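Overview (structure and organization)
So you can see what is in the structure, the chains are spelled out below.
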Amino acid sequence: MKIISWNTKGLGSRKKRRVVKDFLRLENPDVVMIQETKSVVCDRRFVGSVWTIRNKEWAAFPACGASSGNLIIWDSKKLCSEEVVIGSFSISVKFALDGCGPLWLSVVYGPNSSLLRKDFWAEILDIFGLSYPLWCVGGDFNVIRRSSEKLGGFRLTSSKKDFDGFIRECELLDLPLRNTPFTRSNMQESPVCKRLDQFLYSNEWEHFFPQSLQEVLPKWTSDHWSIVLDTNPFKDKAPGPDGFTIIVFQYCWNVIKEDLVRVFAEFHRNGIINQSTNASFIVLLPKKSMTKKISDFRPISLITGLYKIIAKVLSGRLRGVLHETIYSTQGAFVQGRQILDVVLIANKIVDEKRRSKKEGVVFKIDFEKAYNHVSWDFLDHVLEKKGFSPRWRKWVRGCLSAVSFVVLVNGNTKEWVKAARGLRQDDPLSPFLFTLVVDILSRMLLRAKERNSLEGFRVGRNRTRVSHLQFADNTIFFSNTCEEELQTLKSLLLVFRHIFGLKVNLDKRNLFGINLDQNHLSRLAELLDCKASDWPILYLGLPLGGNPKACGFWDPVIERISRRLDEWQKAYLFFGGRITLIQSCLIHMPSYFLSLFKIPASVSAKIERLQRDFLWSGVGEGKRDHLGNDCGGTLGRVQLYGIRAFTVKSFFLALSQFSGASPVFPTKFIWNSQVPFKVKSFVCMENQQIIFPTLLFDYGVEAQIISVRQDGLGFLNEHF
């Protein structure tokens, strides 16, 4: 369902109504909410001049003087109305919708007068009671909720507290706006912009329409931008050329299964895919906020649903055998290998080289537009040498040779272009084919080691020689400081570029020295045509060559947490909401670092202090328990004064170490499936009893004690 809300600032002009009509024809919504029509009459003729009258129903209250006037129009073929309620500031319509029962939609226009605002909030609260539980309200509320929803100007009205209180009292969801944070501008040289228009909806609406998105549409007329609430933005139409999602094939399987099997049989025999099936839209996604040149964009291919099914079948078969043919130094897209393996090995190699006091260099490169430069002939040759059958090679050629592209510019297509090389970014088959091709570099380096042209680093008790590590196109080389060896490495890269077509990205080519003075490092960097850089380096998102015991090593984690905290409006969050954000988001942010490095106590304390300050900010004076990692030493009766949030791991360890605990910990009774999803529940055992918190308040927990017997849960004993 697609719902559009727009304060048009009057529809008296025929020219303006024509603009609105063209806009609605372009957007094709299911429901339209218009505020400030400034029209006394909203009859069939008027509605037909604003949209189309065919299969449309509407409700309106006329304007009073030169202001106000609301109008809601809906497609009667898609929505069946049962009841209409018209108030002083709103129009509410009850619809019957298959699969979810009665659904209410309300359009509002908030008054500017502070004297009328109390009546406005009282009316909206009455509508909430009438429409519960499935309700969505949209329109121009004429008030902001937060200070961040206003740009420019100096006056912030106190009515934002009433607005925030209304949202909290009704437990409505305030979805963030996409595209722009404001919906109205005074259009001056130093503009004052506000977010006055928005959609709010109930938790039950979120349950039935979990993919709902709210965004601002391009400006046509009026000083307000129109906004849209799309309850199913991804399912209606796929972004590829055919517009079909995988769900279409699932829902329509009984209709299309014979045709689909026939397509697969034809492809299996001949290895040919229809050109329209293998067509792609190319969308350019910006890599950074300030884009100035074409290299600042990343091309993404939007492919058809039918081709994606074929490619997924092939990639599934290929995944099962890739580990047998890809060299062990490659860590990407191979079963049983993980990204952390590569980072861990790289750190161990660098640390051991440093401790040995021997000189060495680390050469880090990244290939430029790696997927785009893959030669199809070279890929076919690689498949042949790796033992793939002629039929398999024919299938791969069929997937590649029939590819045609068209670039989407502002949603419009230009001329189609036939591809002659390269792999598509969103093709399920591309990562595995690229891994097969780039594996040739590993084989070339292995052959050079066998001929003693490359020494690499010798590590471990067995003095194993390691010359490089790879993760997709991210490659890191280990070499001694011999110029002949570095010249060999440079020659191998040039040969690989010539036969494969891959070009090294000059901006991402760096040389790092180990136990090496800066002048010597600079000479070697000049030999390799790269930059001499300092440790530590960022490799696959983690530091390489740094000291995890140093506080500066953890600065990226601290900065990331601080940045995230700055984005949250903690002044408008309930206490329980802050705990939920901390446990669901902040606690997991350092997990990538912690999976490899042991965090110092001082850094852990700093992160905990950031979380604690966020948790208790604005609460007032009094007892402020911190986020605990244990249960206070002894697990006697838990004092549930304030809030203590425990991690599952630390709490389980504390329980398992308690001397009075049962030898058989009843883990199957830890999580109560009946607890609402908002409640963060934890348990504590005392004398064969488990405590389940049931309600979370601002400053405490109401808990219930439930006896645990071997045959299951007993009766409720007491509350405290």
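A short tour of the structure in this document, coming up. Note that this is a predicted model, so its numbers are computed, not measured. (Residues numbered from 1 in each chain as written. Predicted model: local features only at pLDDT ≥ 70, side-chain atom pairs only at ≥ 80, totals over all residues. Heavy atoms only, no water.)

**What about the overall build of the protein chain?**
- A count of helical and extended segments in the protein chain gives 20 helices and 34 strands.
- For the protein chain, the residues scored as buried account for 48% of the 720 residues in total.
- Taking contacts inside the protein chain between residues at least 6 apart in sequence as the whole, the part at least 24 apart equals 64%.
- Of the roughly 37300 Å² of accessible surface on the protein chain, 53% is carried by carbon and sulfur atoms. (Helix = DSSP H or I, 4+ residues; strand = E, 2+ residues; numbered from the N terminus. Buried < 20%, exposed > 50% of the residue type's maximum accessible area, 1.4 Å probe, protein only. Contact = heavy atoms within 4.5 Å. Areas by Shrake-Rupley, 256 points an atom, 1.4 Å probe, with all protein chains shown as cover.)

**With respect to the pattern of salt bridges**
- With the rule as written, the count across this model stands at 26 salt bridges.
- Of the charged contacts, one joins D439 and K386 as a salt bridge, the two residues approaching to 2.9 Å between their closest N and O atoms. One end of the pair, D439, is in helix α13 (residues 430–450); the other, K386, is in the loop between α11 (376–385) and α12 (390–401), with 53 residues separating them in the sequence.
- In this structure, a network of salt bridges that share partners links the residues R145, R146, E149, D164, R168, D174 and R195. (Salt bridge = Lys/Arg side-chain N within 4 Å of Asp/Glu carboxyl O.)

**Here we look at the nonpolar core**
- Core analysis: the largest hydrophobic core is formed by 63 residues, its most contacted members being L318, F363, F367, F434, F496 and L511.
- Mapped by element, the contributors of at least two residues to this core are α8 (305–319), β19 (360–368), α11, α12, α13, α14 (483–500) and α15 (518–527).
- Sorting elements by how many residues they give to this core places α13 first, with 11 residues.
- If sequence neighbours within four positions are ignored, F363 has contacts with T475, I476, F477, L489, L493, R509, N510, L511, L528 and C530.
- In terms of nonpolar packing, the next biggest core, distinct from the first, is built from 40 residues, V342, V459, V557 and F614 among them. (Core = buried A, V, L, I, M, F, W, Y, C linked by side-chain atoms within 4.5 Å.)

**Let's talk about helix α10 (residues 339–356)**
- The end-to-end C-alpha distance of α10, which contains 18 residues, comes to 26 Å, matching closely the 26 Å that a straight helix rising 1.5 Å per residue would cover.
- All buried positions along α10 are accounted for by V342, V343, A346, N347, I349, V350 and K353. The buried residues of α10 all sit within an arc of 160° when viewed along its axis, so they share a single face. Facing away from the buried side of α10 by over 90 degrees, the exposed positions are K348 and R355.
- At the C-terminal side of α10, K357 shows a positive phi close to 65°. (Expected span 1.5 Å × (residues − 1). Arc of directions from axis to C-beta.)

**Notes on the sheet that holds strand β14 (residues 197–201)**
- Within the open sheet, the six strands sit side by side as β5-β6-β7-β8-β14-β10. Their pairing is mixed. Looking at strand neighbours, the two that pair on one side only are β5 (80–86) and β10 (173–174), the edges of this open sheet.
- Note that strand β6 (residues 90–97) and strand β7 (residues 101–109) share eight bridges and pair antiparallel. Residue pairing in the sheet places F95 in a bridge with L103 of β7. (Pairing = 2+ DSSP bridges.)

**Things to note about the packing of α11 against α13**
- Packing of α11 against α13 leaves a shortest axis separation of 10 Å and a crossing angle of 80°. Taken together, the axes of α11 and α13 lie roughly perpendicular to each other. Mapping the contact onto sequence places F378, L379, V382 and L383 in α11 and L433, L436, V437 and I440 in α13. (Axes fitted to C-alpha atoms, helices over the stretch in contact; angles between N-to-C directions. Parallel < 35°, antiparallel > 145°, perpendicular 65-115°, else oblique.)

**Some remarks on unusual backbone geometry**
- Residue P536 is reached from W535 by a cis peptide bond, and omega for that bond is -10°.
- With respect to the secondary-structure elements, P536 resides in the loop between β29 (531–533) and β30 (537–539).
- A positive phi is found at K357, a non-glycine position, where the angle reads about 65°.
- One can find K357 in the loop between α10 and β19.
- What makes K357 exposed here is its relative accessible area of 68%.
- For N452, which is not glycine, the phi torsion reads 60° and is therefore positive.
- Locating N452 in the fold gives a position in the loop between α13 and β23 (457–459).

**Remarks on the packing of helix α7 (residues 253–270) against α12**
- Relative to each other, α7 and α12 sit at 120°, their axes nearing to 8 Å. The angle between α7 and α12 falls in the class oblique. Here F267, H268, R269 and N270 of α7 come into contact with α12, specifically with R391, K394, W395 and C399.
- Class assignment of the residues belonging to the contact of α7 with α12 gives a composition of three nonpolar, two polar and three charged. (Nonpolar A, V, L, I, M, F, W, Y, C, P; charged D, E, K, R; others polar.)

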